[in-house]
Structures are given as C-alpha cells and as structure tokens.
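Chain by chain, the residues run as shown.
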Amino acid sequence: METVSIEKKTFEELMAQWDAFVEKVTALQRKGDGKRLARCLTGDEVCNRLRISQRTLQKLRDKGFIGYSQIGHKFFYKPEEVKRLIPLVGIIHPGGK
C-alpha cells in the first residue's frame, strides 16, 4: 500500500470542500425526498387504471408507447403518460385484459 502525505492546510481545505459537498447533497435529498415518486404510478396502478395486464404494460414499454422510470426492478410511470395512453389502449388491446 502506498502512503501519500499532504500538508495539514491542504487536508483541511479538502475536508471543508468535502463537507460542503455532503451538505449540498443532503439538502437536495431533503428537498426532493418522495416528491417525484409520489406523483408517479406503479405498474399495478397503471394496469388497474387502464384495465390491462402486466404483460400488455410490458409490451407498451418495449414498443415505446409509454415513458417510464426504473429503479431496481420496479417501474414508475407519470400520470400524464398514462392519460395519453387511454385512447390507444382500446386499439392496442381491444376488450381490456
């Protein structure tokens, strides 16, 4: 393992910058906590509103008919994306599920 030494003043400046960075990230996290995802719908909610199956929703995603965000293995959809699909669902998947 290699050891690197720096002056105390340089180290303190580096730590001050790091603390400022951490403070900004924490403030941004507090500001946005839950707001963005609170407006989004889960896949189950979309399927219930559009009366479609999970597989149909997957096809809509795959073909680019609906925008989404993915966190891990979970998908989230903006309500305006779902509303935009309402007229198309009957054409894409006649008769609901």
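Every value quoted in this text rests on a predicted model; they were computed, and no experiment measured them.

Trainee: Any chance you could explain helix α3 (residues 43–50) here in plain terms?
Mentor: Working note: α-helix, 3.6 residues per turn, so residues spaced by three or four point in the same direction. Three or more residues of α3 are buried, namely Gly43, Val46, Cys47 and Leu50. Considered in projection along α3, the buried side chains sweep an arc of 100° and stay on one side of the axis. Set apart from the buried face of α3 by more than 90 degrees, the exposed residues are Asn48 and Arg49. Positive backbone phi, at 55°, marks Arg51, one or two positions downstream of α3.

Trainee: Explain the sheet that holds strand β2 (residues 69–71) here, please?
Mentor: Strand pairing in a sheet relies on backbone hydrogen bonds, with the paired strands running either antiparallel or parallel. Spatially, the three strands line up as an open sheet ordered β1-β3-β2, and their pairing is antiparallel. Two strands in the sheet have a free side with no partner beyond their single neighbour: β1 (41–42) and β2. Taken together, the two bridges between β1 and strand β3 (residues 74–77) define a ladder with antiparallel strand orientation. Within the sheet, the bridge partner assigned to Leu41 lies in β3 and is Tyr77.

Trainee: Help me out: how do you make sense of the nonpolar core in this one?
Mentor: The nonpolar side chains of soluble globular proteins are, as a tendency, buried together. Of all hydrophobic cores here, the largest spans 12 residues; its members are Leu41, Val46, Cys47, Leu50, Ile52, Leu57, Leu60, Ile66, Tyr77, Val82, Leu85 and Val89. Those elements that provide at least two residues to this core are α3, α4 (54–62) and α5 (79–92). Excluding residues within four positions of it along the chain, Ile66 makes contact with Leu57, Leu60, Arg61, Tyr77, Glu81, Val82, Arg84 and Leu85.

Trainee: How do you make sense of the pattern of salt bridges when you look at a structure like this?
Mentor: When the charged atoms of two side chains with opposite charge come close together, those side chains can pair. Taken as a whole and assessed by the stated rule, the structure comprises two salt bridges. Between Glu12 and Lys8 there is a salt bridge, with the nearest N and O atoms lying 4.0 Å from each other. Of the two residues, Glu12 and Lys8 both sit in helix α1 (residues 8–32), four residues apart, roughly one turn of that helix. According to the relative accessible area criterion, Glu12 is partly exposed, its value standing at 43%. Note on Lys8: relative accessible area 64%, which makes it exposed.

Trainee: How should I be thinking about the packing of aromatic side chains in this particular structure?
Mentor: By convention here, two paired aromatic rings are described through the distance between centres and the angle between planes. Scanning the entire structure with this criterion turns up two aromatic pairs. Seen from their ring centres, Tyr68 and Phe75 are 5.3 Å apart, and the 70° between their planes marks the pair as edge-to-face. Judged by its relative accessible area of 40%, Tyr68 falls in the partly exposed class. The ring of Tyr68 carries the charged tip of Arg61 above its face, separated from the ring centre by 5.8 Å. Taking the ring centre of Phe75 as reference, the NZ or CZ of Arg61 above it sits at 3.7 Å.

Criteria and cut-off values
- Residues numbered from 1 in each chain as written.
- Predicted model: local features only at pLDDT ≥ 70, side-chain atom pairs only at ≥ 80, totals over all residues.
- Heavy atoms only, no water.
- Buried < 20%, exposed > 50% of the residue type's maximum accessible area, 1.4 Å probe, protein only.
- Helix = DSSP H or I, 4+ residues; strand = E, 2+ residues; numbered from the N terminus.
- Arc of directions from axis to C-beta.
- Pairing = 2+ DSSP bridges.
- Core = buried A, V, L, I, M, F, W, Y, C linked by side-chain atoms within 4.5 Å.
- Contact = heavy atoms within 4.5 Å.
- Salt bridge = Lys/Arg side-chain N within 4 Å of Asp/Glu carboxyl O.
- Phe/Tyr/Trp six-rings, centres within 6.5 Å; stacked < 30°, edge-to-face > 60°.
- Lys NZ or Arg CZ within 6 Å of the ring centre and 35° of its normal.

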